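Each chain, written out:
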Amino acid sequence: MHKNPSYYIQGVLDNNRLMLARTITLVESILPTHQEIAKHVINELLPHTGKAVRLGITGVPGAGKSTFIESFGTMLTTLGHKVAVLAIDPSSTRSGGSILGDKTRMERLAVNDMAFIRPSPSGGSLGGVARKTRETMLICEAAGFDVIIVETVGVGQSETTVASMVDFFLVLQIAGAGDELQGIKKGVLEVADAIVVNKADGDNVNRAKLAKRQYETALHLVTPSSPNWAPPVMTCSAREEVGLMDVWDTVNNHKRIMSMSGELDQKRQDQAMSWMWFLVNEGLERWFYQHPEIQKLLPTIKQRVEAGKMAPTRAADELVEILGKDLLF
Amino acid sequence: MATGYEQWLDMATKQMKGKSPDTLNWKAPEGITVKPMYFEDDIKNLESFSMFPGMAPYTRGPMATMYAGRPWTIRQYAGFSTAKASNEFYRKNLAAGQKGLSVAFSLSTHRGYDSDNPRVAGDIGKAGVAIDSIEDMKILFDGIPLDEMTVSMTMNGAVIPILAMWIGAAEEQGVKQEQLQGTIQNDILKEYLTRNTYIYPPEHSMRIVSDIMAYSSKHMPKYNTISISGYHIMEAGADSVLQAAFTLADGVEYVRAAIRSGMDVDTFAPRLSFFFGVGMNFFMEIAMLRAARFLWYKLMQQFNPKKAQSSMLRTHVQTSGWSLTEQDPYNNIIRTTIEAMSAALGGTQSLHTNSFDEAVCLPTEFSARIARNTQIIIQEESQICRVADPLGGSYYVEWLTNQIVAGAEKIINEIEEMGGMSKAIASGMPKLRIEESAARRQARIDQGKDVIVGVNKYRLKDEKLDFEILEVPDSVRLEQIDRINHIKKTRDNAKCQACLEAVTKAAASNGNLLEVAIAAAKARATVGEISDAMEKVFGRFVATTQCVSGAYSSEYSETSSSSAQVIEGLRKRTNDFMAKTGRRPRILVTKMGQDGHDRGIKVVASSYADLGFDVDISPMFQTPEEAAKMAIENDVHIVGASSLAAGHKTLVPELIQNLNKQGAGEIMVVAGGVIPPSDYQFLYDNGCKGIYGPGTPITESAGKVMDMLEEKYCK
């Protein structure tokens, strides 16, 4: 890993693919020395960011996320946009390894020079999903990409994390076999800016239409996050490339309305704030777990709490107080 | 209980020094528990039991006298280089006792590309003969009378242009369509499952299958319009139960498609044929063939056929290519012999025996002769053909047959509940089952639970390859391109274009595609042009790759100590690597060229992830330039390129050059698959850092990869 931040900064600003890729690797690194360099790089790149459309996409496995991004992204490149796709794949909890197969489902986009696709493993427990996705997004923007798509699997809390870093959050669904809503969580409805029912093709068109009505009903029960935007439900077929332009129009429409009302600026300010708090929490956690005295005492304290010899409240107080001692000097 | 059983149990227990003979039970990969002894009680009331061969439900074979009347057809699959070279090879083989022809096509042809297409520069003539036009087809069958010879063609993707050219070439030889005999593979469903030599999306491909059935039932009554293939499913790692279940479920799907297109079941069902693969599990393979015949009879009854032949399963068998080893390769002759015995005792109608050198390269004249003689010796020296189904009534074989029936039927019912095989394939279920089975098999081999002589047991210390290696020169490509240019210059272009437009029109409407393609073939349109004419309407299919995780290591966790420690050791190394360098070792596994055999990279991807690697998988059919782009954008440490189709000498060096050109020379490249050892030095000289041939345990290759990564990044 190169030590000089300007090596990365210049490479990204020159839109050099190799350097863009290496810079993402740098920010994803878990080594403190790398993170130190990464901070400088991000700071320098920050003035070159902010102009892209940031789009989050989630959906249950089988909803056709990758196929959607393949068709949607390809369409955007024909409109002259430069598209970066950041895909987050789950890491195995047992081995820590991962299978990053997104590009096999984005065959055309993967070889398209107007597009850049970077799959990232979700990583271990530290920070979980999308630990460095914000930074990666900024790097891509600085490299001149004007549409950033963040793809995430619809499991755990990943949707809300991703929703808190994009301008527009799109939830991809498919029609079910019966009349039930396909595995959509209330929390997801609350952060959705649009629901798109995919695979509205062949003998599935009518079922997709039915599902659209059901999602519309479901959305009525949720208070929209903006008074100026009622999240629409649309149908599309990524495979047959039908309805994709409507989705893009909706994204642009949303951007126009939100910009005019000032909500976009507000949203980005809020996001900057939540990013700061995210980093503060991460820093505190790291400080706590890496503190030599805590590392020394933790096993005994854990044992005593487990054995019922020490109240959890007292144990927590004692542990946090250790951090306090540092501040006395 | 039969008299005497108690006594046997006593004796067995004594011989076992007091332990129950149950401790000798063996759990086969199919999930079937095999006992050390079978007797009368085991075959009471078996559903699949049948008394006579040639009679329903055909468990004992489709013919009353079986090989006593006429032995199976010796049908060797072959083809390489140019049409002229293959034609010479065929003619020699026919003179030496082979009875039918079976054509292997170049991967470029399979995927509907002409030889001048830059995407296929590394594939021309490598794994089969390259055919670009009717002129090539005429050369291929020059001097071979197509009114007498039965010709089997392994073609699925570009099935319309190739069949059209064959029919056209026969007509220009003076042979009438109704005289034509043979088989076209035309089994597109399994391509989406394993072999990946498709062109169009499934629904359009199914329509092509129906068009061919409809055309042939009218004009070519003696022609087998489909060969429903389990072979590739087995080669991809499926066990016998999975092979039987998925193949028969494919068959049912084709029958339904044909009936939907308005055909009567008895007009086409007698022309359906099957193609199974047979591996080293001797009795299991025999039982699978018997079970498949019974099940097909049973499954066909739902369509109320009137003709007996409509529910009679006739099959071709090929011995397993996967079971062949690069190490100590003469052992492959013995493996193939045992597999050929399985096929014969299972009652096949025709057979291909592999050449011993196929784990290393394409068969030579010498190795092809031994392969052919394997069958001739069984037929003409061993006297086993004298009696029909000699294993009928064997307690063990009859019991095992019924077990496979039960296991396969369960899976078939599951598929039926999903709405048939097309729906099941779309859901990804069959593919995942096969890959899981493959990953488990690899893990058993890596641990020595499944013995492979010369690979994981009795391995030779210093091995030297001492046989000749057939290599297809790159000049083949230039020769093909010359001929394409010549044809395009000399043909009536206006007429050719009109014919191609008719193909596009038929694709968009409901015209019979084969009919219009025959006209186009005769007007000298190329394979690529006819394929493109349909692609305009159908589009090209893009596969989605799924990959199982956990299957490899779970096979390890079932065993004890030493092998589980190997896994743990590697996991520790990948973890330590992350602690030192800031991220996990990241590898891109890729397949370049038109070779669609992805079992190897799937197993590697799945197992490496289980060992703690971050594994990127590339789309199929990459050019070296595309693979380099992906390696750079994903910023991997290392690229593993898999090659099973002889393209490695062009594709691997080009990948390395592309990486260097784009300033990413630090990304290492290793190769795996079927690569002759004599090419190793060439690849090393061109910058390849490691080569892992067939039979290399995953743990060994992963260990070597980690050695290199630690050396480079952790010092």
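Residues numbered from 1 in each chain as written. Chains lettered and ligands numbered in written order. Predicted model: local features only at pLDDT ≥ 70, side-chain atom pairs only at ≥ 80, totals over all residues. Heavy atoms only, no water.

## Re the overall build of chain A
Next up, step 1: Scanning chain A from N- to C-terminus turns up 13 helices and eight strands.
Next up, step 2: With respect to the three principal axes, the spread of C-alpha positions in chain A is 65 × 50 × 45 Å.
Next up, step 3: Counting every position in chain A, which comprises 329 residues, the buried fraction comes to 50%.
Next up, step 4: If you take every contact in chain A between residues at least 6 apart in sequence, the share linking residues at least 24 apart comes to 76%.
Next up, step 5: Carbon and sulfur atoms provide 57% of the accessible area of chain A, an area that totals close to 15,500 Å².
Next up, step 6: Taken as two groups, the 35 positive and 37 negative side-chain charges of chain A have centres that lie 4 Å from each other. (Helix = DSSP H or I, 4+ residues; strand = E, 2+ residues; numbered from the N terminus. Buried < 20%, exposed > 50% of the residue type's maximum accessible area, 1.4 Å probe, protein only. Contact = heavy atoms within 4.5 Å. Areas by Shrake-Rupley, 256 points an atom, 1.4 Å probe, with all protein chains shown as cover. Lys, Arg positive; Asp, Glu negative; His and termini not counted. Charge placed at Lys NZ, Arg CZ, Asp CG, Glu CD.)

## Here's the deal with the overall build of chain B
Next up, step 1: Within chain B, the secondary structure is distributed over 28 helices and 16 strands.
Next up, step 2: Computed over the C-alpha atoms, the radius of gyration of chain B is 26 Å, within 12% of the 27 Å expected from 2.2 N^0.38 for a compact globule of 715 residues.
Next up, step 3: Looking at chain B as a whole, 62% of its 715 residues are labelled buried.
Next up, step 4: Sequence separation of 24 or more characterises 79% of the internal contacts of chain B that already satisfy a separation of 6 or more. (Rg over C-alpha atoms; globule rule 2.2 N^0.38 Å.)

## A look at the interface of chain B and chain A
Next up, step 1: Each partner contributes residues to the interface: chain B has 43 residues there, and chain A has 33 residues.
Next up, step 2: Where chain B abuts chain A, roughly 3,000 Å² becomes buried across the two surfaces, and 52% of that area is made up of carbon and sulfur atoms.
Next up, step 3: Among the residues chain B hides against chain A, the three largest losses belong to B:Pro619, B:Lys629 and B:Glu633. Together they make up 19% of the total.
Next up, step 4: Inspection of the chain B/chain A interface yields three salt bridges.
Next up, step 5: Of the charged contacts in the structure, one is a salt bridge between B:Glu666 and A:Arg22, with a shortest N-O distance of 3.8 Å.
Next up, step 6: Connecting chain B to chain A are 16 residue pairs in polar contact (both at pLDDT 80 or more).
Next up, step 7: Among the elements of the structure, α23 (561-581), α24 (599-610), β13 (614-617) and α25 (624-633) of chain B are those that each provide at least two residues to the side of chain B that touches chain A.
Next up, step 8: When grouped by side-chain class, the residues that make up the side of chain B that touches chain A number 17 nonpolar, twelve polar and 14 charged. (Buried area = accessible area lost by both parts, 1.4 Å probe. Salt bridge = Lys/Arg side-chain N within 4 Å of Asp/Glu carboxyl O. Polar contact = N/O pair within 3.5 Å; in protein donor to acceptor, adjacent residues only side chain to side chain. Nonpolar A, V, L, I, M, F, W, Y, C, P; charged D, E, K, R; others polar.)

## Topic: the confidence of the model for chain A
Should the pLDDT be low somewhere, the predicted coordinates at that spot are not to be read in detail.
All names here are of chain A.
Next up, step 1: On average, residues of chain A score 87 in pLDDT, and 92% of them are at 70 or above.
Next up, step 2: Across chain A, element-level confidence peaks in helix α10 (residues 244-261) with a mean pLDDT of 95 and bottoms out in helix α7 (residues 158-163) with 77.
Next up, step 3: Taken as a whole, residues 125-129 scores under 50 in pLDDT and shows eight contacts with residues more than four places along the chain or in a different chain. (pLDDT = per-residue confidence, 0-100.)

## Details of the nonpolar core
All names here are of chain B.
Next up, step 1: Core analysis: the largest hydrophobic core is formed by 80 residues, its most contacted members being Met-213, Phe-246, Tyr-254, Phe-268, Leu-272 and Trp-296.
Next up, step 2: Among the elements that take part in this core, helix α10 (residues 240-260) stands out by supplying twelve residues, more than any other.
Next up, step 3: The contacts of Phe-246, once residues within four sequence positions are left out, are Ile-233, Ile-411, Ile-415, Met-421, Met-429, Pro-430, Arg-433 and Ile-434. (Core = buried A, V, L, I, M, F, W, Y, C linked by side-chain atoms within 4.5 Å.)

## Things to note about the pairing of strand β15 (residues 668-673) of chain B
All names here are of chain B.
Next up, step 1: With respect to burial, β15 is a largely interior element, six of its six residues being buried.
Next up, step 2: The two faces of β15 match: Met-668, Val-670 and Gly-672 on one face and Val-669, Ala-671 and Gly-673 on the other face are all buried.
Next up, step 3: Of the strand pairs in this sheet, strand β14 (residues 638-643) and β15 are connected by six bridges, and their pairing is parallel. Residue pairing for β15: Ala-641 is matched across the bridge by Ala-671.
Next up, step 4: Relative to strand β16 (residues 690-692), β15 is paired through three bridges, and the arrangement is parallel. Residue pairing in the sheet places Ala-671 in a bridge with Ile-691 of β16.
Next up, step 5: Following the backbone out of β15, through helix α27 (residues 680-685) and into the adjacent parallel β16, one traces a crossover that is right-handed. (Pairing = 2+ DSSP bridges. Right-handed = clockwise from strand over helix to strand, strands pointing away.)

## Some thoughts on unusual backbone geometry
Next up, step 1: Looking along the chain, the bond that leaves B:Ala56 and enters B:Pro57 is cis, with omega of 0°.
Next up, step 2: Inspection of the secondary structure assignment puts B:Pro57 in the loop between β2 (33-34) and α2 (66-69).
Next up, step 3: Positive phi, normally seen in glycine, also occurs at A:Asn15, with a value near 55°.
Next up, step 4: With respect to the element layout, A:Asn15 can be found in the loop between α1 (5-13) and α2 (17-28).

## Examining the packing of helix α19 (residues 493-508) of chain B against helix α20 (residues 513-522) of chain B
Residues and elements named next belong to chain B.
Next up, step 1: One way to put it is that α19 packs onto α20 with a least axis distance of 8 Å and a crossing angle of 170°. One finds that α19 runs roughly antiparallel with respect to α20. Residue-level inspection shows Cys-499, Ala-502, Val-503, Ala-506 and Ala-507 of α19 in contact with α20, the latter providing Leu-513, Val-516, Ala-517, Ala-519 and Ala-520.
Next up, step 2: Counted by class, the contact of α19 with α20 contains ten nonpolar, no polar and no charged residues. (Axes fitted to C-alpha atoms, helices over the stretch in contact; angles between N-to-C directions. Parallel < 35°, antiparallel > 145°, perpendicular 65-115°, else oblique.)

## Concerning helix α14 (residues 365-381) of chain B
Residues and elements named next belong to chain B.
Next up, step 1: Between the first and last C-alpha of α14 there are 23 Å, a value that for 17 residues agrees with the 24 Å anticipated at 1.5 Å per step.
Next up, step 2: Looking at α14, one finds that the buried residues are Ser-367, Ala-368, Ala-371, Arg-372, Thr-374, Gln-375, Ile-376, Ile-378 and Gln-379.
Next up, step 3: For α14, the secondary structure elements touched by its buried residues are β3 (73-78), α3 (83-95), α13 (331-346) and β11 (350-352).
Next up, step 4: Looking one or two residues beyond α14, the residue adopting positive phi is Gln-383, at roughly 65°. (Expected span 1.5 Å × (residues − 1).)

## Considering a nonpolar patch on the surface
Next up, step 1: On the surface, a nonpolar cluster with roughly 560 Å² of combined accessible area is contributed by A:Met273, A:Met276, A:Trp277, A:Val280, A:Leu284 and A:Trp287.
Next up, step 2: Among the secondary structure elements, A:Val280 is positioned in helix α11 (residues 263-290). (Patch = residues over 30% accessible without salt bridge, like charges linked within 9 Å, V, L, I, M, F, W, Y side chains within 5 Å.)

## Remarks on the environment of B:Ser320
All names here are of chain B.
Next up, step 1: Inspection of the secondary structure assignment puts Ser-320 in the loop between β10 (315-319) and α13.
Next up, step 2: On the basis of relative accessible area, Ser-320 is assigned to the buried category, the value being 3%.
Next up, step 3: Put simply, Ser-320 and Leu-272 are 48 residues apart on the chain and 23 Å apart in space, counted from C-alpha to C-alpha.
Next up, step 4: For Ser-320, the side chain forms a polar contact with the main-chain nitrogen of Ser-323, separated by 3.0 Å.

## Quick notes on the side chain of B:Thr73
Next up, step 1: Relative to the helices and strands, B:Thr73 resides in strand β3.
Next up, step 2: Residues contacting B:Thr73, with those up to four places away along its chain left out, are B:Lys99, B:Gly100, B:Gln349, B:Ser350, B:Leu351 and B:Gln375.

## Let's talk about the pairing of strand β2 (residues 83-89) of chain A
Residue and element names in this part refer to chain A.
Next up, step 1: Among the seven residues that make up β2, seven are buried, leaving the element largely enclosed by the rest of the structure.
Next up, step 2: Neither face of β2 is open: one carries Val-83, Val-85, Ala-87 and Asp-89, the other Ala-84, Leu-86 and Ile-88, and all of them are buried.
Next up, step 3: Note that β2 and strand β4 (residues 115-121) share seven bridges and pair parallel. Bridge pairing links Asp-89 to Pro-121 in β4.

## Some remarks on the packing of α2(A) against helix α6 (residues 133-142) of chain A
The axes of two packed helices give the description: the angle between them and the distance between them.
Residue and element names in this part refer to chain A.
Next up, step 1: Orientation of α2 relative to α6, taken along the N-to-C sense of each, is 160°, at an axis distance of 10 Å. On the basis of their axis angle, the class for α2 and α6 is roughly antiparallel. Classified by chirality, the crossing of α6 by α2 is right-handed. Touching Leu-20, Thr-23, Ile-24, Val-27 and Glu-28 of α2 are Glu-135, Thr-136, Ile-139 and Cys-140, all from α6.
Next up, step 2: When its residues are assigned to classes, the contact of α2 with α6 shows five nonpolar, two polar and two charged. (Left-handed = near helix turned anticlockwise from the far one by under 90°.)

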